[in-house]
2 protein chains.
Amino acid sequence: MDSFFEQATGREPADLRIDNALVADVFSGEFFSSSVCVGKGRILGFSEMPAREVLDAEGRYLLPGLIDGHVHIESSMLCPARFAELVMPRGTTTIIADPHEIANVKGLEGIRYMLEASRLLPLDVRIMLPSCVPALPVEDAGAVLTAADLAGLLEEDGVGGLGEMMNVPGVLGGDADVLQKIRDARAHGKQVDGHSPGLLGKDLDVFCAAGVGTDHECTTVEELRERIRRGMYVLLREGSAARDLLHLLPGVTPENARRCLFCTDDRQAADILNRGHMDSHLRIAVAAGLDPMTAVRMATINAAECYGLKDRGGIAPGLRADLVLVDDLQNFRPLRVWSEGELIAENGVMCRTLSALDPGELRRSVCLAPLPERPFELRVPSGKARVISLKPHSLITECREMNVCVGEDGLFDIARNPGMNKVAVLERHHASGKIGLGLLDGSYGLSGGAVATTIAHDSHNIVVAGDDDADMLLAVKEIARIGGGVVLVARGKILGSLPLPVGGLMSEEPASRVAEVLSGFIRLAHEHLHVSEQADAFMSLSFLALPVIPHLKITARGLFDVDTFRFVPVEL
Amino acid sequence: MDSFFEQATGREPADLRIDNALVADVFSGEFFSSSVCVGKGRILGFSEMPAREVLDAEGRYLLPGLIDGHVHIESSMLCPARFAELVMPRGTTTIIADPHEIANVKGLEGIRYMLEASRLLPLDVRIMLPSCVPALPVEDAGAVLTAADLAGLLEEDGVGGLGEMMNVPGVLGGDADVLQKIRDARAHGKQVDGHSPGLLGKDLDVFCAAGVGTDHECTTVEELRERIRRGMYVLLREGSAARDLLHLLPGVTPENARRCLFCTDDRQAADILNRGHMDSHLRIAVAAGLDPMTAVRMATINAAECYGLKDRGGIAPGLRADLVLVDDLQNFRPLRVWSEGELIAENGVMCRTLSALDPGELRRSVCLAPLPERPFELRVPSGKARVISLKPHSLITECREMNVCVGEDGLFDIARNPGMNKVAVLERHHASGKIGLGLLDGSYGLSGGAVATTIAHDSHNIVVAGDDDADMLLAVKEIARIGGGVVLVARGKILGSLPLPVGGLMSEEPASRVAEVLSGFIRLAHEHLHVSEQADAFMSLSFLALPVIPHLKITARGLFDVDTFRFVPVEL
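To keep things clear, this report deals only with the structure shown in the data block. (Residues numbered from 1 in each chain as written. Chains lettered and ligands numbered in written order. Predicted model: local features only at pLDDT ≥ 70, side-chain atom pairs only at ≥ 80, totals over all residues. Heavy atoms only, no water.)

### Looking at the pattern of salt bridges
So, point 1. According to the stated counting rule, one finds 89 salt bridges over all chains in the structure shown.
So, point 2. Notably, a salt bridge pairs Glu478(A) with Arg481(A), separated by 2.9 Å at the nearest N-O pair. Taken together, the residues span about one helical turn, with Glu478(A) and Arg481(A) both in helix α14 (residues 469-482) at a distance of three residues.
So, point 3. Take Glu478(A): its relative accessible area is 7%, and that puts it in the buried class.
So, point 4. Relative accessible area serves as the criterion here: at 63%, Arg481(A) is assigned to the exposed category.
So, point 5. When the shortest N-O distance is used, the salt bridge between Asp469(B) and Lys422(B) registers 3.0 Å. Of this pair, Asp469(B) sits in helix α14 (residues 469-482) while Lys422(B) is found in strand β20 (residues 421-426), placing the two residues 47 residues apart along the sequence.
So, point 6. Overall, the relative accessible area of 5% leaves Lys422(B) in the buried class.
So, point 7. Residues participating in the shared-partner salt-bridge network are Arg112(A), Glu116(A), Arg119(A) and Glu156(A). (Salt bridge = Lys/Arg side-chain N within 4 Å of Asp/Glu carboxyl O. Helix = DSSP H or I, 4+ residues; strand = E, 2+ residues; numbered from the N terminus. Buried < 20%, exposed > 50% of the residue type's maximum accessible area, 1.4 Å probe, protein only.)

### A look at the sheet that holds strand β28 (residues 566-568) of chain A
Residue and element names in this part refer to chain A.
So, point 1. Strand order in this open sheet of three strands is β26-β27-β28, and the pairing throughout is antiparallel. Either end of the sheet is taken by a strand with one partner, and the two such strands are β26 (552-555) and β28. Pairs of neighbouring strands in the sheet enclose a mean axial angle of 45°, with direction left out of account. (Pairing = 2+ DSSP bridges. Axes fitted to C-alpha atoms, helices over the stretch in contact; angles between N-to-C directions.)

### Brief notes about the nonpolar core
So, point 1. If you look at the biggest cluster of nonpolar residues, it comprises 341 residues, and the most contacted ones within it are Leu236(A), Tyr444(A), Leu236(B) and Tyr444(B).
So, point 2. Excluding its chain neighbours within four sequence positions, the residues that come into contact with Leu236(A) are Leu224(A), Leu245(A), Leu248(A), Leu249(A), Val252(A), Cys260(A), Leu261(A), Phe262(A), Cys263(A), His281(A) and Met298(A). (Core = buried A, V, L, I, M, F, W, Y, C linked by side-chain atoms within 4.5 Å. Contact = heavy atoms within 4.5 Å.)

### Details of the sheet that holds strand β6 (residues 66-71) of chain B
Residue and element names in this part refer to chain B.
So, point 1. The sheet built from eight strands is open, its strands ordered β6-β7-β8-β9-β10-β11-β12-β13 with parallel pairing. With partners counted over all chains shown, the strands left at the sheet margins are β6 and β13 (260-263), one partner each.
So, point 2. In the sheet, strand β12 (residues 233-237) pairs with β13 via four bridges, with the strands oriented parallel. Residue pairing across strands places Leu 236 opposite Phe 262, the latter belonging to β13.
So, point 3. With respect to the sheet, helix α3 (residues 100-119) is in contact with β8 (124-129) and β9 (159-165), its orientation differing from that of β8 by roughly 165°.

### Observations concerning the environment of Asp441(A)
All names here are of chain A.
So, point 1. With respect to the element layout, Asp 441 can be found in the loop between β21 (435-440) and β22 (449-453).
So, point 2. Sequence separation of Asp 441 and Gly 492 is 51 residues, and the distance between their C-alpha atoms is 23 Å.
So, point 3. Ignoring sequence-local partners within four residues, the contact set of Asp 441 consists of Val 387, Ile 388, Ser 389, Leu 390, Arg 400, Met 402, Gly 419, Met 420 and Asn 421.
So, point 4. In terms of polar contacts, Asp 441 uses its side chain to reach the side chain of Arg 400, at 2.8 Å. (Polar contact = N/O pair within 3.5 Å; in protein donor to acceptor, adjacent residues only side chain to side chain.)

### Details of the interface of chain A and chain B
Many analyses report the size of an interface as the accessible area lost when the parts associate.
So, point 1. Counting residues at the interface gives 52 residues for chain A and 52 residues for chain B.
So, point 2. Around 4,100 Å² of area is buried between chain A and chain B when both sides are counted, 49% of it from carbon and sulfur atoms.
So, point 3. Considering only the surface of chain A that becomes buried against chain B, Phe27(A), Arg229(A) and Arg258(A) emerge as the three largest contributors, covering 19% of it.
So, point 4. The interface formed by chain A and chain B includes ten salt bridges.
So, point 5. In this structure, Glu255(A) and Arg297(B) form a salt bridge, with 3.3 Å as the shortest nitrogen-oxygen distance.
So, point 6. At the boundary of chain A and chain B, one finds 18 residue pairs in polar contact (both at pLDDT 80 or more).
So, point 7. Ranked by residue count, the leading element in the side of chain A that touches chain B is helix α7 (residues 201-209) of chain A, at five residues.
So, point 8. Looking at the side of chain A that touches chain B residue by residue, the class counts come to 23 nonpolar, 13 polar and 16 charged. (Buried area = accessible area lost by both parts, 1.4 Å probe. Nonpolar A, V, L, I, M, F, W, Y, C, P; charged D, E, K, R; others polar.)

### Thoughts on the state of the cysteines
In a disulfide, the sulfur atoms of two cysteines are covalently bonded to one another.
So, point 1. Under the criterion given, the structure shown has zero disulfides over all chains.
So, point 2. No disulfide involves Cys351(A); its sulfur sits 19 Å from that of Cys79(A), the nearest cysteine.
So, point 3. The class for Cys351(A) is partly exposed, based on a relative accessible area of 39%.
So, point 4. Cys208(B) provides the cysteine sulfur closest to Cys132(B), a residue in no disulfide bond, and the two sulfurs are 16 Å apart.
So, point 5. Assessed through its relative accessible area of 5%, Cys132(B) is described here as buried. (Disulfide = S-S within 2.5 Å.)

Okay, structure coming up:
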């Protein structure tokens, strides 16, 4: 007979008893006043049994630990330990994480790092295996992950299923490897996440029939309803850029709410610091009129059911003692957070620093071929060029056909094209030496230097923009020196340099430090380098390299016309 | 790309299209008018695609196949194939079956027979491994199943988890083997059924904390609520004897209904023929005022979720095409039933006969030691005896202390004790020769013969009652000859003999035949053998040997005082 059982029967004192709590009973859909006893990290029961520690909850609400149904940790630019320190004081005790970004950089090694780094944490991280690495066959990602590559990981402790299937054409077209990935996850009884914005009708039927079980890309009530009708779970997303929660809430009814849950998908560190994490979903939903119990269920038991986590999602004997004590059902301010019975945060502050896994080889993710002497020379003898134009506050770009000034040597001359920028993507995983070159019209507006980053979706090569070849080169060299990150250069001087040593994507510094540095960089970019206020100084660049968003993008292989799905030369 | 996928995309015609159906969308909680296409046994989608066969549902309701959450097939006295033929025309396509009875007779061999017999059927049978064989340590069952015995079966295809844990004291007392059985099932991610009538408060906490996940023994709304609060699923039972549905329905609310499902537990063949199966639960619940969609969910998706059956419970692309077309939402009369896309029944009639597995060694389940010359001689020299008294229409017995007439040899003399009966239990599994003898007061009332059966809970030895030793002996010999079953004898003549060749519990005859024979036997027992109308001619005997129901019972080891939990002599 184990010690937990001795505690459950009362023969040994409980580790903790929380008295006078309004316990969220997500099973019955009501709150009830009770004691809750905890032992060996699990709920023992509701009796007032002897305990080593007793806490008076003073009539406050005790919720099950909150669950983020879909998140890319990398979007916070924090390694898992620093991410956990950021979200746990907000009440999050479980996340369903898709390490899509690090997998694009380091493949299985990247996934393994996330798995092993997570195992050291009190935040329970369920890893969804990235289904689309690379995102497209025309990409130069750090790895290619086939069904066979992923199959070996499906049995691994901590793996929750297959990550968001973005390759909708692959599914609809019956691509063998794509379907195999889905089948393998299903054969292990695991969830398969979808990503199917706008998909409806017969195509949605096929997508579901193939075995996809969730979607977090709904932006309309119709999309939400059509997915629930087909047995999918719908994750209502509220990220930093994509904010769909308020648009979708009108579609959540008492009858269908059990198929709805919450997620952040992509949320920056500064945003989590300012707005919160799953607690912000609760606040927003309840403020918008959702019944608080329904909101709590969406953040707990519904997510647990969706991902087959039978040991959590509620407060009941035998379940994990993942608990959040909140002040009320409007603010949902987490006063105390327990993970497996351990008090992990109090009044928004972590009770201890978490151990981070040494990223080892992931520190050496920038692997550039020797650079040519003038890597950014761009020949446009005709003076007629395809130019990328950013749309204000959008990831969509336009393709402009412009007359540009060139020198006698036929080279684009930045000095004679004021307001314009050069942009380049340099393959950085396998030292292939591939460099794609392009031009930006005045919509980015950088002058007096260069900006470079290794966050460049989804392949995360180096993207650099500037109005001076030497500054661009300096920025790239600094990126290589720091092992990836974000760099600002002004007239031969490094203005700012944020190392993201873990794969060129994640920092090992605390969230507050990363957020502070980045906000300083953004200020510098706008004030010192004159980047347009209509553009996001870094995110605009990061998504310039993602050839799935219309219309004209740039990869290490050159300019890519998303509409015709082919590479095009700069010169017309 | 497989053929199912070709059909889903419409590149190949569907196998079946059902047009103009009011489809039960159990995910959204509403009915909607649509076509439903089926291919390779699964739902393809809701588009009106080309199909090899088209059915006009004429606006009738299309439900997912119904699921019985907990049933002992043996209680129907039918082998699995005949049971399936009985319930499938009623709309049942999945059952969660606990082969507790056959396991008490034949141990792992019995379980394996149920597994393999089920694999031949269009009824999907999920086997819960019997957790309590024997029911008590004082029993002479056919087998003893330890945690180690069951562990090997947990991975087996078709095994759904651990069957009803009736050993509540074992759980609360922390019995190592009992807890191991629960842990093993949980470690495989499988459900553990409970059986905890009346358990509340701290003991219920411990029962849940140990890992028990369901209960079907609630008889009050309080029990139901307390179990749901603790994260258990509650199965609302409506069997032949135990009818709890109407008592429990007031406890089902829109908020907690997702944790509620239906079950029959024990329902006789005649009862299923007359009242129906899960369709009767729907009728009763809706007539009692439950919202039809909630009722349908309880009979489908809730049960699927409770038992982790991710491939069914709703009508959605990719799920099993287990479907029931019913006339309306009051009668729920199944017009057509499909299992994995195959039309299996129409207007209450099976479309084909099902293949039954040869029970092999299970035919030889009656293994008696050579009988002594006078096996039923009972010495009561003092003339003072403990006598079993049946309570009218109840499984509970009373212990009466009576003066009885004995001969000069000190033997109980039936002729001088009119109205009384002798009762005996003969061990029949291992030819141990154990015979327990007892007396019944006039509450059974048999005169002019004997009744014997191999259905004697839970060990299923032979129980025989009569007013004549020779008739009792003849009945036992006939039982042995037919390999187990039910036998009536009147003054040296066999009045009726129903073979139950499969373990002495189940017939291979169709339900209608078994029901007809049994109803004839019951008439004979009352009219010809004068069994009291207050007693159930056979069930009263079958439960006389179950030493967990108060107060005085009889086993092959003799009289058992359930209150003091010890054997007692007949003579006072």
